[in-house]
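Descriptive structure summary
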Amino acid sequence: MRPDLSGVDPLAFNLATRLSVGDMLTRSAFQFPDRTAIVQDGEEITYARLDAAAEAFGRGMLETGLERQEPVAFLLGNSWRFVATFFGCAKSALVALPVNLMLPPDEVAWILADAGVRAVVADPAFVPLLEQILPDLPQVTTVVVTGDTSDSVAGRTALRWDDVAADPTPLQVVVEDRDTLHCLYTSGTTARPKGVLTSHLAVHVAALSSALQVGHRHGHEFSVAPIVLPLFHTTALDTLLLPVLLTGGTAILPPGFQPEAYLDIVEGSRATHLLLLPMMWAAVLATPRLDERDLSSVRLCMYAMAPMPQERIGQIAAAFPNADVLLGSGQTECVPATVLQWPAHQDTKSASWGPSVVTVDTRMMGPGGDLLPRGETGEIVYRGPHVMSGYWNNPEANTAAFAHAWFHSGDIGHLDEEGVVWFSDRLKDIVKTGGENVSSVEVERVLLSSPEITEVAVIGVPDDRWGEAVTAVVVAVDPAVDPSALSNRLTALCRKQLAGFQVPKGIEVLTGLPKTATGKIQKHELRERFRG
């Protein structure tokens, strides 16, 4: 059965029925116009001001000649203008394309060329980068700068962001549920990065799911969340920021991460929801007079990207007495969080990823495409509205990603009797040694139990005898420690807790590990360094 809509204007019908991320901000601004949406450098941006700026920016970008579903590249740090630019794209049916600010110039140029970008929005700090790369990118015709700038950038007329966002008259354009909201390029390891296209529907459902599961409250008891991870990444943008704004909360955008300053913000703002990387949590716990602070407002302490030893989890729980300490997991291709620990698992299953969130189906698949029973190890696959629409300009990758009618994550794990997901390793990170498969994560978890190290990465190094030799690369707490003696102690620890074939054949001590902008260890760089 279908209704006869022949007498209904298509735009009117779309406005009345759609699921658009841009409308998410409009609703919050109508309900809480004078409430603070964003705090940046001490400035408080209300919902009414943020929404008006987003409407104006979206209108201004369409007036430059961009067409619906065209990408707009961001070279923007965490700021309220980043947020307004993002929502402006959402409201105008343009595609937000935040660029990883840690990438080298040639990678940025490649992404802009691959995506066919004609418009770039940049902070003044990135104008020199544009001057360097735009001469080889003739398709880029529009440059918008968030602060004061010269009249031109690399021969293009430079527009001021405030001038583009001058007319706050509400936009009325068709935005379909399955229109692409954003394109986020994954970090390339062995090949060029992939552009992940994600719809309004996927991001909106994921935001609702996250808000429900982490306890964001719509009303007077709203959430307050400091966000120090970069907004160009799905974790900060989709998992942290959007659920807060969906429910009328306040997002605080510090200029960076300094443990003492971060705790000052948490304490002073009565923050409710925190998410840090494991190394950041370690830095927070090491601050002086931590036990003298009033951190009672915090309801949830999340961590992501890497495992944490049980001892550190216990220390966080002690420092934040009213908070649950949970691991959230996901990936760019399936809007996080896809699995999330329950508070009941904080002590019993803290090493797990937790069960699926309410809007995702998670299973294990064998190499032939068969779904495996609980307890059996296979590739983690997903179904549900969180899943991406597909990769941009990469049909071969799309064919592989959606084989057997599930999205393939590239992760290995199993489900237990409760439906809890236990992650073993990335497919590409499994170490194959002497005919055995070794989970790098399992070895890393044992090594992290040592109080002598802060970080670890386990990789396979080519070896004539073993095929691959299990090799651990660690960062010591004491930079002056004797590497050989530390290696011997860590090897002894592993021999007590691991099978013989799992024990590292070598342990290298470094002062730091290579990481992405979001703190994910880049194992491919370590493999290249130690391949001999």
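For clarity, every value in this text was computed on a predicted model and none was experimentally measured.

Another point: the overall build of the protein. Across its full length, the protein carries 16 helices and 26 strands. Against the compact-globule benchmark of 24 Å for 532 residues, the protein has a radius of gyration of 24 Å, which places it among compact chains. With the C-alpha coordinates of the protein rotated into their principal frame, the extents come out at 70 × 55 × 55 Å. Per-residue burial for the protein yields a buried fraction of 56% across its 532 residues. Put simply, of all contacts in the protein between residues at least 6 apart along the chain, 65% involve residues at least 24 apart. Total accessible area computed for the protein in this model is approximately 22400 Å², and 52% of it derives from carbon and sulfur atoms.

Quick look at empty space enclosed by the protein now. Taken as a whole, this structure holds one cavity of 30 Å³ or more when the rule is applied. In this structure, the largest cavity occupies an estimated 160 Å³ of space. Mapped onto the lining of the largest cavity, the elements with two or more residues apiece are helix H8 (200-214), strand E11 (224-226), helix H9 (234-246), strand E13 (273-276), strand E14 (300-303) and strand E16 (334-340). Each residue belonging to the lining of the largest cavity can be placed in one class, and the counts come to 12 nonpolar, four polar and no charged.

Across the sheet, which stays open at both edges, the three strands sit in the order E24-E25-E26 with mixed pairing between neighbours. Each end of this open sheet is capped by a strand with a single partner; those strands are strand E24 (453-463) and strand E26 (506-510). Each strand axis lies, on average, 25° off the axis of its neighbour in the sheet, ignoring direction. Pairing between E24 and strand E25 (residues 467-476): 10 bridges, direction antiparallel. Residue isoleucine 459 lies in a different strand from E25, and its bridge partner there is threonine 471. Set on the sheet, helix H15 (residues 483-497) makes contact with E24, E25 and E26; between it and E26 the angle comes to about 130°.

Moving on, we get to the domain arrangement of the protein. Each domain of the protein was delimited in the assignment, giving domain 1 (12-199), domain 2 (257-426) and domain 3 (430-530). Between the C-alpha centres of domain 1 and domain 2 there is a distance of 28 Å. Summing both partners gives a buried area of about 990 Å² for domain 1 against domain 2, and 58% of it is carried by carbon and sulfur. If you sort the residues of domain 1 by the area they bury against domain 2, Lys194, Val196 and Leu197 come out on top, with a joint share of 44%. At the junction of domain 1 with domain 2, the criterion picks out zero salt bridges. Applying the counting criterion to the domain 1 and domain 2 interface returns five residue pairs in polar contact (both at pLDDT 80 or more). Elements supplying a minimum of two residues to the side of domain 1 that touches domain 2: helix H5 (105-115), strand E9 (180-185) and strand E10 (195-199). It is E10 that contributes the most residues to the side of domain 1 that touches domain 2, five residues altogether.

Moving on: the side chain of asparagine 100. Mapped onto the secondary structure, asparagine 100 falls in the loop between strand E4 (95-98) and H5. A polar side-chain atom of asparagine 100 sits 2.8 Å from the main-chain amide nitrogen of methionine 102.

On to the packing of aromatic side chains, then. Taken as a whole, this structure holds nine aromatic pairs when the rule is applied. When the ring centre of tryptophan 80 is taken as origin, the NZ or CZ atom of arginine 49, which lies over that ring, is 4.8 Å away. The side chain of lysine 194 reaches across the aromatic face of tyrosine 391, ending 5.5 Å from its centre.

This part covers a nonpolar patch on the surface. A contiguous nonpolar surface patch, about 220 Å² in accessible area, is contributed by Leu5, Val8 and Phe13. Using a relative accessible area of 37% as the deciding quantity, one classes phenylalanine 13 as partly exposed.

Reading the values: rules and limits
Residues numbered from 1 in each chain as written. Predicted model: local features only at pLDDT ≥ 70, side-chain atom pairs only at ≥ 80, totals over all residues. Heavy atoms only, no water. Helix = DSSP H or I, 4+ residues; strand = E, 2+ residues; numbered from the N terminus. Rg over C-alpha atoms; globule rule 2.2 N^0.38 Å. Buried < 20%, exposed > 50% of the residue type's maximum accessible area, 1.4 Å probe, protein only. Contact = heavy atoms within 4.5 Å. Areas by Shrake-Rupley, 256 points an atom, 1.4 Å probe, with all protein chains shown as cover. 1 Å grid on protein atoms, 1.4 Å probe; cavity = no way out; pocket = protein on both sides within 12 Å on 5 of 7 lines; lining within 4 Å. Points joined across faces, edges and corners; volume = space filled by probe spheres on them. Nonpolar A, V, L, I, M, F, W, Y, C, P; charged D, E, K, R; others polar. Pairing = 2+ DSSP bridges. Axes fitted to C-alpha atoms, helices over the stretch in contact; angles between N-to-C directions. Domains from an automatic or database assignment. Buried area = accessible area lost by both parts, 1.4 Å probe. Salt bridge = Lys/Arg side-chain N within 4 Å of Asp/Glu carboxyl O. Polar contact = N/O pair within 3.5 Å; in protein donor to acceptor, adjacent residues only side chain to side chain. Phe/Tyr/Trp six-rings, centres within 6.5 Å; stacked < 30°, edge-to-face > 60°. Lys NZ or Arg CZ within 6 Å of the ring centre and 35° of its normal. Patch = residues over 30% accessible without salt bridge, like charges linked within 9 Å, V, L, I, M, F, W, Y side chains within 5 Å.

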